[in-house]
Amino acid sequence: MRFTVFIFLVMSAVNLAGGLAHPGKGQLIQPETANKFKMKFVGEIKEFSYIKMTIESTEDSKTYKSPIIPLKGNYYEAISSQVFKIIGTYNNETLIWKLDCFDKNNLLTSVFVGKANHEGVVEGKWTYKKTSHNFYLKPDK
């Protein structure tokens, strides 16, 4: 029991001293690279469609050290066979993702807002027009 408490305290100290929670699978990354990443996800907009998503930090994320990381990317929606452009943010302190999605005419079509858990799975609400559905995104290898 004491050994478990000791390991927990050491891991907490390491996290506070230099590592930040990475958006994928709870890995720790160093502060100088915390704002730069590229990730792939697979998931589902529940009761609507399966999706695949690719997200990466933008060039803007390298110029300042902020918990809010600007993102860009796209997602493929199986039900419509369409690809949508994504512009959004990730807060590496609160683990909250906000992703605005645009069609081929650059019109806002939908919004994903979710939070990552300790395994890197993002869960939240997807809003399209006046409807919303729960969604999940699992990191894809």
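In what follows, the accompanying structure is described. Sequence positions are assigned chain by chain, starting from 1 and proceeding in written order. Reporting of local features is limited, given that this is a predicted model, to residues whose pLDDT is at least 70; pairs of side-chain atoms are given and counted only at 80 or more, and all residues count toward the totals for whole chains, interfaces and linings. Just so you know, side-chain values use all the structure's heavy atoms and leave hydrogens and water out.

### A closer look at the packing of aromatic side chains
- Whether two aromatic rings pair depends on their centres lying within 6.5 Å, for rings of Phe, Tyr and Trp, where Trp uses its six-membered ring; planes under 30 degrees apart make the pair stacked, over 60 edge-to-face, and the rest tilted. On inspection of all chains with the given rule, the structure shows 10 aromatic pairs.
- Seen from their ring centres, Y75 and F84 are 5.2 Å apart, and the 25° between their planes marks the pair as stacked.
- Any residue under 20% of the maximum accessible area for its type is buried, any over 50% is exposed, and the rest in between are partly exposed; the area is computed with a 1.4 Å probe on protein chains only. Under the relative-accessibility criterion, Y75 is labelled buried at 1%.
- Given the relative accessible area of 7%, F84 is considered buried.
- Measuring from centroid to centroid gives 4.9 Å for F112 and F135, while their planes differ by 85°, and the two rings are edge-to-face. Here F135 lies in strand β10 (residues 131-139) and F112 lies in strand β8 (residues 108-116), a separation of 23 residues in the sequence.
- Residue F112 is classed as buried on the basis of its relative accessible area of 1%.
- A relative accessible area of 2% places F135 in the buried class.
- Put simply, the rings of F48, Y75, F84, F112, W126, Y128 and F135 touch in pairs and so form one group of aromatic residues. Only runs of H or I of at least four residues qualify as helices and only runs of E of at least two qualify as strands under DSSP, and these elements are numbered from the N terminus.

### Some details on the pattern of salt bridges
- In what follows, salt bridge is the name for a side-chain nitrogen of Lys or Arg lying within 4 Å of a carboxyl oxygen of Asp or Glu. Applying the stated criterion across every chain yields a total of one salt bridge.
- For the salt bridge of K98 with D100, the shortest nitrogen-to-oxygen distance reads 2.8 Å.
- You can call K98 partly exposed: its relative accessible area is 37%.

### With respect to unusual backbone geometry
- With phi around 65°, L95 is a residue other than glycine that occupies positive phi space.
- Residue position: L95 is located in the loop between β6 (82-91) and β7 (96-102).
- The backbone of K129 shows a phi angle near 55°, a positive value even though the residue is not glycine.

### A short note on the side chain of S110
- Note that S110 resides in strand β8.
- Separated by 3.1 Å, the side chains of S110 and W126 make a polar contact. Whenever a nitrogen or oxygen atom comes within 3.5 Å of another N or O atom, the pair is scored as a polar contact, on the condition that within protein one atom can donate a hydrogen and the other can accept it, and that pairs from neighbouring residues in sequence are kept only if both atoms are in side chains.

### As for the sheet that holds strand β4 (residues 49-57)
- Sheet architecture is closed into a barrel: eight strands sit in the order β3-β4-β5-β6-β7-β8-β9-β10, paired in antiparallel fashion. Strand after strand, the sheet turns through a mean of 30° between neighbouring axes, direction not considered.
- Strand pairing requires that DSSP identify at least two bridges connecting the strands. Of the pairings in the sheet, the one linking strand β9 (residues 122-128) to β10 comprises seven bridges and is antiparallel in character. If you follow K125 over to β10, its bridge partner there is N134. Between N-to-C directions, angles span 0 to 180 degrees; the directions come from axes that are lines fitted to C-alpha atoms, helices contributing only their stretch in contact.

### Some details on the environment of E59
- Note on placement: E59 falls in the loop between β4 and β5 (68-77).
- Considered as a pair, E59 and K36 are 23 residues apart in the sequence and their alpha carbons are 8.4 Å apart.

### Looking at the environment of E123
- Secondary-structure assignment places E123 in strand β9.
- Working rule for contacts: check all heavy atoms of both residues, and any pair within 4.5 Å makes them a contact. In this structure E123 touches G114, K115, N117, F135 and Y136, once residues within four positions along its chain are discounted.

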